[in-house]
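Structural features, examined
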Amino acid sequence: MTRYRVVVVGMGRRGVHHATAFAANPRFELAGIGSRDRQRLDAAAAKLGNVKTSTDASALAAMKPDVFCFCTPPNVRLPLIELGIGSGAKLIAFEKPVAMTSAEGMAIKQALDRAGVKAVVSHQHRYGEHYKKVQELIAGGAIGKVHTVYGTATGWAAHMLSHLVDYTSWFNGYEPAEWVMGQAAGRGKLGDGHTSPDYVAGVVHFRNGVRGTYDCGAGAPDVAEVPYWWRKCRIGAHGTDGYAEVHTGSGWRAVTRDGVQSGPGGMDYDHDMAPYVQQMADWLDDDRKPHPARFERAYHGLEIVSALYRSVAEGGQVALPLTSGLDEIDALKAKVPRRRVLMTLAESGKEYKEEG
Ligand SMILES: NC(=O)c1ccc[n+]([C@@H]2O[C@H](COP(=O)([O-])OP(=O)(O)OC[C@H]3O[C@@H](n4cnc5c(N)ncnc54)[C@H](O)[C@@H]3O)[C@@H](O)[C@H]2O)c1
């Protein structure tokens, strides 16, 4: 049984989650961890035990890992993809969002395609028991023929939207999207590291005729079932015979031919990371077992998000797949009106403070 050597760059919250999950799995050897911040790095090393540390990501790449993992802020992507490819790694694991712009996303895709390196993107909520239950109900036909998928979140887009798009796409069998149309409001988070409009909403037409609706940020509806603000997400599908949906922070509900059903579940990093890393080993072992959170899927999610932003900037429907890259963040900065966003929840005022 091959044991895959892993290095993890970035020892913020998510880097520590990843390193901990790799260290706990016998299929991996956590060979090195890195952070530019020595204090953070020492604190992580104290928890993770006998592991090489470096404040220089290149030194970790030079260790020739099988898996190059990085968990950096959203504006740090392409240089680390290139570093990972250069390291000779067979698989690169990195955090969502794939990129902040389609221009960078396309450059990442081209680099990975050219190098023939596998890649996965951390949309790991899908391993939650409530997510799996809802997907099973939908795929098993319990709600009949799906005609609509939907995702809402009170958190802003660079944090939440790629999750909404990925899990709704899963509920729709990862059918490709053909066009997108959207609107946005509020400039406060255009100055944030997770750069986003305060609120974005839109519709997506999938090839199989299913309609996706997305509502992300300050104007999104409440999810009263969930008390914790960051996990107020409602993600589900309507079909000819009912509906099934996840509430990210608290359980699931379905109405099917058999009546009303509901159950527990809550987004939990410890629970979700273990199968997420195990399936990296499975894919490295066997090309016929591609990872469910593979780059190809996350990249299509980035195209959908980018198209929503282009629709805001340019108006009208935006056709997919995208054929050229753009800096959608610049386009949003030029277009989103200088008016304070209108908030659905009074509680959101603590996050959406600035006029921008
Ligand atoms: N999948 C999820 O559920 C989930 C949850 C939270 C955050 N995230 C995503 O994870 C990513 C990281 O989030 P976090 O909360 O861990 O961030 P963080 O700010 O806590 O940590 C970021 C780390 O990256 C390092 N870093 C910054 N710039 C760097 C560079 N140029 N080169 C090398 N290292 C650099 C920092 O030193 C730090 O160690 C973000 O993209 C975020 O959206 C995902």
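Residues numbered from 1 in each chain as written. Predicted model: local features only at pLDDT ≥ 70, side-chain atom pairs only at ≥ 80, totals over all residues. Heavy atoms only, no water.

Moving on to the overall build of the protein chain. Assigned secondary structure in the protein chain consists of ten helices and 15 strands. Taken over 356 residues, the protein chain has a buried fraction of 58%. Long-range pairs, those at least 24 residues apart, make up 67% of the contacts in the protein chain between residues at least 6 apart in sequence. Looking at the protein chain as shown, the accessible area adds up to about 14,500 Å², and 51% of this sits on carbon and sulfur atoms. Between the averaged position of the 42 positive side-chain charges in the protein chain and that of its 39 negative side-chain charges there is a distance of 2 Å. (Helix = DSSP H or I, 4+ residues; strand = E, 2+ residues; numbered from the N terminus. Buried < 20%, exposed > 50% of the residue type's maximum accessible area, 1.4 Å probe, protein only. Contact = heavy atoms within 4.5 Å. Areas by Shrake-Rupley, 256 points an atom, 1.4 Å probe, with all protein chains shown as cover. Lys, Arg positive; Asp, Glu negative; His and termini not counted. Charge placed at Lys NZ, Arg CZ, Asp CG, Glu CD.)

Now for helix H9 (residues 295-314). Helix length check: H9 (20 residues) gives 27 Å between terminal C-alpha atoms against 28 Å at 1.5 Å per residue, within 8%. Backbone geometry just downstream of H9 places Gly315 in the positive-phi region, at approximately 80°. (Expected span 1.5 Å × (residues − 1).)

On to the sheet that holds strand S15 (residues 318-319). Taking strand neighbours across the sheet as the criterion, the nine strands line up as S14-S13-S12-S11-S7-S10-S9-S8-S15 in an open arrangement whose pairing is mixed. One side of each edge strand has no neighbouring strand; the edge strands of this open sheet are strand S14 (259-263) and S15. Here strand S8 (residues 177-185) runs beside strand S9 (residues 199-206); their pairing, made up of eight bridges, is antiparallel. Looking at S9, one finds that Trp179 is bridged to His205. Sheet strands touched by helix H7 (residues 157-171): strand S7 (146-153), S9, strand S10 (211-217), strand S11 (233-239) and strand S12 (242-247). Its angle to S10, the strand with the most contacts, is close to 160°. H9 rests against S8, S9 and S15 of the sheet, and its axis sits at about 50° to S8. (Pairing = 2+ DSSP bridges. Axes fitted to C-alpha atoms, helices over the stretch in contact; angles between N-to-C directions.)

On to the site of the ligand. Neighbouring the ligand are 23 residues, the closest being Arg14, Arg77, Lys96, Gln124 and His194. One nitrogen or oxygen atom from the main chain of Arg14 is found 2.9 Å from an oxygen atom belonging to the ligand. Arg40 places a side-chain nitrogen or oxygen 3.3 Å from an oxygen atom of the ligand. In the complex, 83% of the free accessible area of the ligand, which totals 870 Å², lies under the protein chains. Of the residues belonging to the shell around the ligand, the class tally is seven nonpolar, nine polar and seven charged. (Near = heavy atom within 4 Å. Polar contact = N/O pair within 3.5 Å; in protein donor to acceptor, adjacent residues only side chain to side chain. Nonpolar A, V, L, I, M, F, W, Y, C, P; charged D, E, K, R; others polar.)

Attention now goes to the packing of aromatic side chains. Applying the stated rule across the entire model yields 13 aromatic pairs. Their ring planes at 50° and their centres at 6.3 Å tell us that Tyr4 and Phe28 sit as a pair that is tilted. One end of the pair, Tyr4, is in strand S1 (residues 4-9); the other, Phe28, is in strand S2 (residues 28-34), with 24 residues separating them in the sequence. Overall, the relative accessible area of 5% leaves Tyr4 in the buried class. (Phe/Tyr/Trp six-rings, centres within 6.5 Å; stacked < 30°, edge-to-face > 60°.)

This part is about the pairing of S14. Sheet analysis places strand S13 (residues 252-256) next to S14, joined by five bridges and oriented antiparallel. Across the sheet, Trp252 pairs through a bridge with Gly263, a residue of S14.

The subject of this paragraph is the packing of helix H1 (residues 13-24) against helix H8 (residues 269-285). In a pair of packed helices, the angle between the axes and the distance between the axes together describe the arrangement. In contact at an axis separation of 9 Å, H1 and H8 are set at 60° when each is read in the N-to-C sense. By the angle class used here, H1 and H8 are oblique. For the crossing formed where H1 meets H8, the hand is right-handed. On the side of H1, the interface is formed by Arg13, Arg14, His17, His18, Ala21 and Phe22, while H8 contributes Tyr269, Met273, Tyr276, Val277 and Met280. Split into classes, the residues belonging to the contact of H1 with H8 amount to seven nonpolar, two polar and two charged. (Parallel < 35°, antiparallel > 145°, perpendicular 65-115°, else oblique. Left-handed = near helix turned anticlockwise from the far one by under 90°.)

A separate point is the pattern of salt bridges. This model, assessed by the stated rule, comprises 19 salt bridges. In this structure, Arg14 engages Glu95 in a salt bridge whose closest nitrogen and oxygen atoms are separated by 2.5 Å. Taken together, the positions of Arg14 in helix H1 and Glu95 in the loop between strand S5 (91-94) and helix H5 (102-115) put the pair 81 residues apart, joining distant regions of the chain. Across the salt bridge formed by Glu175 and Arg207, the nearest N and O atoms sit 3.3 Å from each other. With Glu175 in the loop between H7 and S8 and Arg207 in the loop between S9 and S10, the pair connects residues that are 32 residues apart, well separated along the chain. Note on Arg207: relative accessible area 51%, which makes it exposed. (Salt bridge = Lys/Arg side-chain N within 4 Å of Asp/Glu carboxyl O.)

Before going further, it helps to examine the packing of H7 against H9. Close contact between H7 and H9 brings their axes to 9 Å; oriented N to C, the two are set at 120°. Relative to H9, H7 is oriented oblique. Every pair of crossing elements has a handedness; the one defined by H7 and H9 is right-handed. Here Ala157, Leu161, Val165 and Asp166 of H7 lie close against H9, whose contacting residues are Arg297, Gly301, Ile304, Val305, Leu308 and Tyr309.

Now for the side chain of Ser162. When you line up the elements, Ser162 lands in helix H7. Within the local environment of Ser162, its side chain forms a polar contact with the side chain of His123, the two groups lying 2.8 Å apart. In this view, Ser162 contacts Lys96, Pro97, His123 and Ala157; residues no more than four positions away in its chain are not counted.

This part covers the nonpolar core. Phe68, Phe94, Leu161 and Phe295 are the most contacted members of the largest nonpolar core, which has 76 residues in total. Here the element with the most residues in this core is H9; it accounts for ten residues. Non-local contacts of Leu161, meaning those with residues more than four positions away in its chain, are made with Val200, Tyr214, Cys216, Val305 and Leu308. Counting 31 residues, the second-largest nonpolar core is a separate cluster that includes Tyr4, Cys69, Cys71 and Ala93. (Core = buried A, V, L, I, M, F, W, Y, C linked by side-chain atoms within 4.5 Å.)

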